[in-house]
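Examination of the molecular architecture
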Amino acid sequence: MTDEQIQRYSRQIILSDVGGKGQQKLLQAKVLLIGAGGLGSPAALYLGAAGIGTIGLVDGDVVDLSNLQRQILHTSNTIGAPKVESGKQMLSAINPDVTVYTYSEHVNADNIMELLQEYDIVLDGSDNFGTRFLVNDACYFAKKTLISGSIFRFEGQLTTIKPHEGYPCYRCLYPEPPPAGLVPNCQEAGVLGVLAGTIGVLQAGEAIKEILGLGETLADKLLIYDALDMKFRKVGRPKDPDCPLCGKTPTITTLEEHHVSCSI
Ligand SMILES: [Zn+2]
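Residues numbered from 1 in each chain as written. Predicted model: local features only at pLDDT ≥ 70, side-chain atom pairs only at ≥ 80, totals over all residues. Heavy atoms only, no water.

Notes on the coordination of the zinc ion
Bound to the zinc ion on the protein side are Cys169 (SG), Cys172 (SG), Cys243 (SG) and Cys246 (SG), at distances that span 2.3 Å. Angles of 94 to 125° at the metal separate the 4 donor atoms of the zinc ion, which places the site in the tetrahedral class. Here the donor residues of the zinc ion are spaced in sequence according to C-x2-C-x70-C-x2-C. Cys246 carries the same exposure label as Cys243, and that label is buried. (Donors = N, O, S within 2.8 Å, 3.2 Å for Na, K, Ca; no water. Tetrahedral: all angles 85-135°; square planar, octahedral: opposite > 155°, others 65-115°. Buried < 20%, exposed > 50% of the residue type's maximum accessible area, 1.4 Å probe, protein only.)

Structure below.
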């Protein structure tokens, strides 16, 4: 590490569980963020500041004024720009150590396997069930650790998914997406910006823990945060032997697209 890097990361290098070796691991880590929106924004900022050496941003949208209430990777000056370009600009300004790769596209069954290839860890901050199930299935086939976060009104959920290490997958908990029309769309549901911040930052924290191999994993648990009651709950998330994806006799053996309306 250069003198500048030692100075930049000094507050985390002096943590005995991180140290110079841990910082090197962070600098060598490659994290892909699905979505540069409400969850991806705070996650990207903290991952970039911590010195995650390679960050990939996937998002097909452009910055809209109504995003700025929660998507803090973007500013009033980047309204109209692709979110991934706006995000890259911000991350480069915070930390020039970070190499940012941008993919200005929506993930789908045709492009996701190639997108995942170069990365160690995937953070899903997508805002719809279709993408969430697609990302889960793709990470399962590609054997990538997935940190999944979601928010709905005043409640957030967080879990780590790594069935390649013997833990349950997302479908062990939710075998299928809800039927279309059951979940309100973005405009109908609304979202408290700070809740997106809370869950996105927690996703970044779990990603850093997975990279460093520190602490307790969320791979067999689901964290539920109720912002109104100010309660965090961790519930067990067991492996389902009959899971359609990672069970003994899987029925899902290829990627399939689900079109379900937005949940944020
Ligand atoms: Zn499963």
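Focus: the packing of helix α3 (residues 19-28) against helix α10 (residues 193-212)
Contact geometry for α3 and α10: axes closest at 9 Å, N-to-C directions at 115°. As far as their axial angle goes, α10 and α3 are roughly perpendicular. The two elements α3 and α10 meet at a crossing, and its hand is right-handed. Across from Gly22, Lys25 and Leu26 in α3, the residues of α10 making contact are Ile208, Ile211 and Leu212. Across the contact of α3 with α10, the residue classes break down as 4 nonpolar, 1 polar and 1 charged. (Axes fitted to C-alpha atoms, helices over the stretch in contact; angles between N-to-C directions. Helix = DSSP H or I, 4+ residues; strand = E, 2+ residues; numbered from the N terminus. Parallel < 35°, antiparallel > 145°, perpendicular 65-115°, else oblique. Left-handed = near helix turned anticlockwise from the far one by under 90°. Contact = heavy atoms within 4.5 Å. Nonpolar A, V, L, I, M, F, W, Y, C, P; charged D, E, K, R; others polar.)

Overview of the environment of Gly215
Within the secondary structure layout, Gly215 lies in the loop between α10 and β7 (221-226). In this structure Gly215 comes out as exposed when scored by relative accessible area, which is 74%. As for Gly215 and Tyr46, which are separated by 169 residues in sequence, their C-alpha atoms are 19 Å apart.

Notes on the packing of helix α4 (residues 40-50) against α10
The angle between the axes and the distance between the axes are what describe a pair of packed helices. Look at α4 against α10: their axes get within 7 Å of each other, and the N-to-C directions meet at 40°. With respect to the hand of their crossing, α4 and α10 are arranged in right-handed fashion. Side by side, α4 and α10 meet where Pro42, Ala43, Tyr46, Leu47 and Ala50 of the first sit next to Ala196, Gly197, Gly200, Val201, Ala204, Ala207 and Ile208 of the second. Taken together, the residues of the contact of α4 with α10 sort by class into 10 nonpolar, 2 polar and no charged.

Digging into the packing of aromatic side chains
Tallied over the entire structure, the rule returns 4 aromatic pairs. A ring pair is formed by Tyr140 and Phe141, whose centres lie 5.6 Å apart and whose planes are at 65°; its orientation type is edge-to-face. Given the relative accessible area of 25%, Tyr140 is considered partly exposed. Taken together, Phe133, Tyr170 and Tyr174 form an aromatic cluster joined through their ring pairs. The lysine or arginine in question, Arg132, covers the ring of Phe129, its NZ or CZ lying 4.9 Å from the ring centre. (Phe/Tyr/Trp six-rings, centres within 6.5 Å; stacked < 30°, edge-to-face > 60°. Lys NZ or Arg CZ within 6 Å of the ring centre and 35° of its normal.)

Comments concerning α4
The buried fraction of α4 is high, at 9 of 11 residues. Positive backbone phi, at 90°, marks Gly51, one or two positions downstream of α4.

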